[in-house]
Number of protein chains: 6
Amino acid sequence: MSHVRVLNPNTSAAMTDAVLAAARAVARPGTTVTASRSRRAPATVETHVDEVFGAAGVLEQVEQGERDGVDGYVVACFGDTGLPAARELARGPVVGMTEAALQAASLLAHRFSVITMPPRTIAMTDRVVAGLGLSHRCTVRAVDVSVEEIETGAGPAFDAFADEARRALAAERAEAVVLGCAGLTDLVDGLRAALGVPVIDGVAAATTALEGLLAQDLTTSRANTWAEPAGSPTTGEVWG
Amino acid sequence: MSHVRVLNPNTSAAMTDAVLAAARAVARPGTTVTASRSRRAPATVETHVDEVFGAAGVLEQVEQGERDGVDGYVVACFGDTGLPAARELARGPVVGMTEAALQAASLLAHRFSVITMPPRTIAMTDRVVAGLGLSHRCTVRAVDVSVEEIETGAGPAFDAFADEARRALAAERAEAVVLGCAGLTDLVDGLRAALGVPVIDGVAAATTALEGLLAQDLTTSRANTWAEPAGSPTTGEVWG
Amino acid sequence: MSHVRVLNPNTSAAMTDAVLAAARAVARPGTTVTASRSRRAPATVETHVDEVFGAAGVLEQVEQGERDGVDGYVVACFGDTGLPAARELARGPVVGMTEAALQAASLLAHRFSVITMPPRTIAMTDRVVAGLGLSHRCTVRAVDVSVEEIETGAGPAFDAFADEARRALAAERAEAVVLGCAGLTDLVDGLRAALGVPVIDGVAAATTALEGLLAQDLTTSRANTWAEPAGSPTTGEVWG
Amino acid sequence: MSHVRVLNPNTSAAMTDAVLAAARAVARPGTTVTASRSRRAPATVETHVDEVFGAAGVLEQVEQGERDGVDGYVVACFGDTGLPAARELARGPVVGMTEAALQAASLLAHRFSVITMPPRTIAMTDRVVAGLGLSHRCTVRAVDVSVEEIETGAGPAFDAFADEARRALAAERAEAVVLGCAGLTDLVDGLRAALGVPVIDGVAAATTALEGLLAQDLTTSRANTWAEPAGSPTTGEVWG
Amino acid sequence: MSHVRVLNPNTSAAMTDAVLAAARAVARPGTTVTASRSRRAPATVETHVDEVFGAAGVLEQVEQGERDGVDGYVVACFGDTGLPAARELARGPVVGMTEAALQAASLLAHRFSVITMPPRTIAMTDRVVAGLGLSHRCTVRAVDVSVEEIETGAGPAFDAFADEARRALAAERAEAVVLGCAGLTDLVDGLRAALGVPVIDGVAAATTALEGLLAQDLTTSRANTWAEPAGSPTTGEVWG
Amino acid sequence: MSHVRVLNPNTSAAMTDAVLAAARAVARPGTTVTASRSRRAPATVETHVDEVFGAAGVLEQVEQGERDGVDGYVVACFGDTGLPAARELARGPVVGMTEAALQAASLLAHRFSVITMPPRTIAMTDRVVAGLGLSHRCTVRAVDVSVEEIETGAGPAFDAFADEARRALAAERAEAVVLGCAGLTDLVDGLRAALGVPVIDGVAAATTALEGLLAQDLTTSRANTWAEPAGSPTTGEVWG
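All of these numbers come straight from a predicted model, not from anything done at the bench. (Residues numbered from 1 in each chain as written. Chains lettered and ligands numbered in written order. Predicted model: local features only at pLDDT ≥ 70, side-chain atom pairs only at ≥ 80, totals over all residues. Heavy atoms only, no water.)

Enquirer: Is there a simple way to explain the sheet that holds strand β3 (residues 72–75) of chain F in this structure?
Expert: Hydrogen bonds along the backbone pair up the strands of a sheet, which may run parallel or antiparallel. Residue and element names in this part refer to chain F. With parallel pairing, the 4 strands of this open sheet are ordered in space as β2-β1-β3-β4. The open sheet has two free edges, formed respectively by β2 (32–37) and β4 (94–96), since each of these has just one partner strand. Strand after strand, the sheet turns through a mean of 20 degrees between neighbouring axes, direction not considered. In this sheet, β4 lies alongside β3 in parallel orientation, the contact comprising 3 bridges. Among the inter-strand pairings, V75 is bridged to a residue of β4, identified as G96. Contacts from helix α4 (residues 97–108) reach β3 and β4, with the element oriented near 70 degrees to β4. (Pairing = 2+ DSSP bridges. Helix = DSSP H or I, 4+ residues; strand = E, 2+ residues; numbered from the N terminus. Axes fitted to C-alpha atoms, helices over the stretch in contact; angles between N-to-C directions. Contact = heavy atoms within 4.5 Å.)

In structure tokens form, the structure reads like this:
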């Protein structure tokens, strides 16, 4: 059976527990699902500066994962922090929660909308949407809630996401909603009931996409872009 | 456990057996995988005329599948014949082999190439590539081999695909290859060995993508585009 | 003189009469204009399921048209149902009402808007807009009126279209309007007067585009995509 | 009956005769077709500098046409020189030979190619292709022949176009060819016979498109972009 | 030291003074900055007809500039009137105020908005935005103010721009604003203070971009599109 | 006078000297130009793993630069490593060598080509090209030369770039060439002479673009995407 690891680019233990639970809820029977978090990084990834630190944390986690014999990885941060570098380092496939969520949405809805937070991270979602070429089917919206509200799952977060999603449904005829942040799994069932459309959590989507690649015995192409970084140093060599 | 059905738009029993085997090889343990084929359709889908008949055959198969309590469907024809209509009819999710193959390729390679056949079907692949927005990462090539060669798996088919794939790798720096026809599963291992890059069979990719959606308890949005076709007749009402 | 036939994918005699009248109103003097409708299909095409049946009905009509010596065809359903397959079957050119309307609009206005109905068919218009590459100049809007209102031409339909068109003019600076359904010809004059911008009926646009191709002695390329479907069965062989 | 005028942006009488003949060959019975040419402009339009002079010449011709009661205009220069300004000045519709040729090609072929000349004018064709959004279906190629060869219709021009077209058919699977210069009408029949695919002359295509708009009682939108240039001076006021 | 000339396509002396001042305010110490205006053209460029006359005026100015030994040119009209032809004629580089403003904005903001005037000129800005490929990051808005208000810099113009810019910031999350008309330099400081985001004047942006090219010893490529127009006549030869 | 700093994401002193010289050669008289390099990073940036380390090195350099009162920064690595994060941290503007080179090329040529190295970095250039929207005018090519050859400027590097550039000119009608690596400034004059088209070095282009922004008193928008990262840690806090 395969061993899948969920990588949390930030240092939050609570977030790590949340994404691990989200992955385990959808994994195949028999799959071992573990999670890790960055040792040296911010508590949340909300800026491009945070993304640099978060990406370095992802690399260190993949180095550890390779030592642990992990078969494949999920990057559990909206924006897919550090994904290309992780693909170079890992023997097995690596799937980002953002790309997987967008791909799942495209199988369920002609048009859909991402609701991310805070607004300044819209550019990071735009980056993934553009990379996949889905700009013609996907809009990106944001709510102004704090990470604390998200982590506690209190009412304001739910209402903020529900209200913004309703605006997407009405104004853009969106037919499905992608939750634009890790750790929002607890909102999924309530939002599905409230909105009546598919609501997608990227960690779950990425876990099943990763397992699908493993079942097909597929891993990252070594042909050019994501070939092994033979001459590159390790995180230990660079930062001690 | 869930029940997944692979829909073959054409009438070929051999092709149906092949795609069923491809799906079963990657399905989760415990999943029931069945297959069906069109009752009234051409033996192969190579023209837009064939696609019309094949789409009607897919509808009839979904009508039967709903009576059989099927949880989700794979459309096993390159070009994803009849996919939007199938989504309207089915309670559960429906995944096309083309869209799933392209999405898997995008997780493994920066640039990739579809090798389809015969050349006149390039437009059908273009349609799916454009629908997903992947034109900037994917080229579409074709080989001139007959369906008989494909069905028998004889040497010429393998060589034709390998040669065309090598041209894609060299001329376009493609890093992965999508096989652009159902029933080519037997070529996968040989081509992977010969080419040294990921080679993707859409039926396998679609089966795992479909199971991923089922694991997430997700199905087609009923919000607008693919809502139930309440006023539409059945195939029996139209064609007896 | 040439013989042009307007193909109505659905089974409505009233709609068939309406599109025939629209075509005759703009045809060249001396051209014979006839119309036909599907024998086995829904009464209206509003879902993707309907489109499958409608496309099959179009094929059967083209088979009859070829026996009748028809020189070219108009597909009179918004979304251009069955168009690629009709191109393969017909010796002469085939023009869809949607593509022709969009092309006419692009000659008259920098930006324009389609007003279609009901909303679930927006995806079908999106398909034609994307195929022609006009997404940067064209928006797609929809009104929630029933086909009955449309067929009777009662006030509510007119007002619904006029109101939605005014929103397009104001909010998107649209400079022309395409009516997104066959059988709306009777609304054209009133809407032109009310809106003060070009209002385009696709059946009229397609009829003149088709006659233009005939005047240039042009027909569908047989080079690859729309070559004759030599090995494909007829509707009679498939459905009896 | 309507009066259509073909506008030749350059000063060549021979070219004017050629485009007039091309238009008359496809016009509706009863339509009056006339032609005019620039009074102050270069003998051919091959540079952006030429285009400025040619556009001014088109304006002067439209001013004269309006005095003559012309109902609609064709701009007979590849690149559609002066088209937007002509639309502002003319009461009736104006169609460019480039846009009309591209639109006709899109009705006949999934992919097609323009063969223009000389190579430095590729950018002007690119401009029209991009304006119509057809970059995904159309390539632009050029031959290095002189205008003299074109005007005399000697063998080298025919062979140059035929050879370049064959390269487009082979290398890009083009299925139709657009002749990228006015005055090439005499090549059409020979190229169609030699290539076996639709070969489109833009002057003919524009003439029928223009007549189609007239038959639908449609003219340029006055809503915004191409509204009458109320405050603009005439060519006489500016240049005497 | 280099000699840079700002070309005003229209005939307004006041506008010419304004753009000259804007250029001088940002030019390198030691650079000679001069300006010229069209001799035969409209007083403002607000229509496509005006653009034709303005482009001819630009050509005449470049012809004079070449005689004066000018090293590089700025085209000081939003829409970059006559730019491609000017590139062919000038030995040195030519930069349009629109393209330079858009490029500067892209270095400062993920999304931005042009506020142009009057609304009918939106199409001209769209042309430059599309030519640069920035449609995914830039919206184009317009205010309905008269040129007189702009030239006098009275309150209404400032308020109109500020209000429209605030709508762009709020509704589209624009992060910077481009002023879509020459001669608005006096509004820059006030708008920056009022809006709190970068506000860009294209004449200033183009002047520094041009000086950058000169510092790198770069000029327009002569390879194909903008090669010298060897066979083209001069404005004197055409218009006397 | 302003103080501009060139940031070298890698640790090579020779490369740092080279980019400093390139910047100084084009800077305004009176501008202070300094350079720095990463303290903890690889010797070259050739993989996505290297990019993570390089981006972190850029952050540390900007932190130092802010303490030094630097007015603006150039990121001197093809791919613009760490650029968005640097924009958040710096008070003044930050320009990447890739984006600046592409923008300069677009002012000089209708179509152009980047020649980068090694091939696996094509994806990083693609990222910048797509971010600017220039895919329709720019191709990306690569040569297979080692960094050692580049740093020594030996014959093979020159020939490799010249040969690949000639292929771009011939096969794609490219009209200008962008050198896709920092430290290639010494090749510029020779390549310009050999190719006869503009050859652009991104460090020079970025330096002049940056000075242009400073002359206009413009800096990064603080409105949303690149607002100050108030809650983000410093490199010292994360890595000691």
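Enquirer: Quick question: what am I supposed to make of the pairing of strand β7 (residues 177–180) of chain F here?
Expert: Where a strand is regular, its side chains alternate between the two sheet faces. All names here are of chain F. Neither face of β7 is open: one carries V177 and L179, the other V178 and G180, and all of them are buried. Where strand β5 (residues 112–116) and β7 come together, 4 bridges link them in parallel fashion. When the sheet's bridge partners are listed, T116 is paired in β7 with G180. With respect to chirality, the unit in which β7 leads through helix α8 (residues 185–195) into the neighbouring parallel strand β8 (residues 199–201) is right-handed. (Buried < 20%, exposed > 50% of the residue type's maximum accessible area, 1.4 Å probe, protein only. Right-handed = clockwise from strand over helix to strand, strands pointing away.)

Enquirer: Please clarify how the pattern of salt bridges should be interpreted in this entry.
Expert: When charged atoms on two side chains of opposite charge get close, those side chains can pair. Residues and elements named next belong to chain A. Tallied over the full model, the rule gives 84 salt bridges over all chains. Residues E164 and R167 are paired through a salt bridge, measuring 2.7 Å at the closest nitrogen-oxygen approach. Pair noted here: E164 and R167 are both in helix α7 (residues 155–172), with a separation of 3 residues, about one helical turn. On the basis of relative accessible area, E164 is assigned to the buried category, the value being 10%. The class for R167 is partly exposed, based on a relative accessible area of 45%. Taken together, the shared-partner salt bridges connect R141, E164, R167 and E172 into one network. (Salt bridge = Lys/Arg side-chain N within 4 Å of Asp/Glu carboxyl O.)

Enquirer: What's the story with the environment of D:G183 in this structure? I'm lost.
Expert: Residue position: D:G183 is located in the loop between β7 (177–180) and α8 (185–195). Spatially, the C-alpha atom of D:G183 lies 28 Å from that of D:W226, the residues being 43 residues apart in sequence.

Enquirer: I'm lost on the interface of chain B and chain A in this one. Help?
Expert: In this assembly, 49 residues from chain B lie in contact with 49 residues from chain A. Across the interface of chain B and chain A, roughly 3,700 Å² is buried in total on both sides, 55% from carbon and sulfur atoms. Considering only the surface of chain B that becomes buried against chain A, B:L107, B:L108 and B:Q216 emerge as the three largest contributors, covering 19% of it. At the junction of chain B and chain A, the tally comes to 2 salt bridges. Linking B:R28 and A:E211 is a salt bridge whose minimum nitrogen-to-oxygen distance equals 3.8 Å. On inspection of chain B and its partner chain A, the count reaches 27 residue pairs in polar contact (both at pLDDT 80 or more). Mapped by element, the contributors of at least two residues to the side of chain B that touches chain A are β4 (94–96), α4 (97–108), α5 (122–132), β8 (199–201) and α9 (202–215) of chain B. It is α9(B) that contributes the most residues to the side of chain B that touches chain A, 8 residues altogether. When grouped by side-chain class, the residues that make up the side of chain B that touches chain A number 25 nonpolar, 14 polar and 10 charged. (Buried area = accessible area lost by both parts, 1.4 Å probe. Polar contact = N/O pair within 3.5 Å; in protein donor to acceptor, adjacent residues only side chain to side chain. Nonpolar A, V, L, I, M, F, W, Y, C, P; charged D, E, K, R; others polar.)

Enquirer: Which parts of the structure should I look at to understand the relation of the copies chain B and chain A?
Expert: Here two copies of a chain appear, and what relates them is a rotation about an axis with a shift along it. The two copies are related by a screw operation: chain B maps onto chain A through 180 degrees of rotation and 0.0 Å of translation along the axis, at an RMSD of 0.0 Å. Here the symmetry operator amounts to a two-fold rotation axis. When C-alpha positions in chain B are compared against the rotation axis, the closest is assigned to B:G133, at 2.1 Å. Most of the interface of chain B is mirrored in chain A: 100% of its interface residues are interface residues there too. (Least-squares fit on C-alpha atoms with pLDDT ≥ 70 in both.)

Enquirer: Mind showing me how you'd approach the interface of chain B and chain C here?
Expert: How big an interface is tends to be stated in terms of accessible area lost as the parts join. Tallying the contact residues gives 31 residues for chain B and 31 residues for chain C. Counting the surface chain B buries against chain C, the share from its top three residues, B:F53, B:R120 and B:W239, is 26%. Where chain B packs against chain C, one counts 2 salt bridges. Between B:E88 and C:R120 there is a salt bridge, with the nearest N and O atoms lying 3.0 Å from each other. At the junction of chain B and chain C, the tally comes to 18 residue pairs in polar contact (both at pLDDT 80 or more). Of all the secondary structure elements, the ones that give two or more residues to the side of chain B that touches chain C are α2 (48–67), α3 (83–89) and α10 (235–239) of chain B. Counting residues per element, the side of chain B that touches chain C draws most heavily on α2(B), at 8 residues. Among the residues making up the side of chain B that touches chain C, the classes are represented as 19 nonpolar, 7 polar and 5 charged.

Enquirer: What am I meant to see in the relation of the copies chain B and chain C here?
Expert: Overlaying chain B with chain C gives an RMSD of 0.0 Å, the required rotation being 180 degrees about an axis along which the chain moves by 0.0 Å. Of the interface residues in chain B, 100% have counterparts in chain C that sit at the interface too, so the contact is made through matching surfaces.

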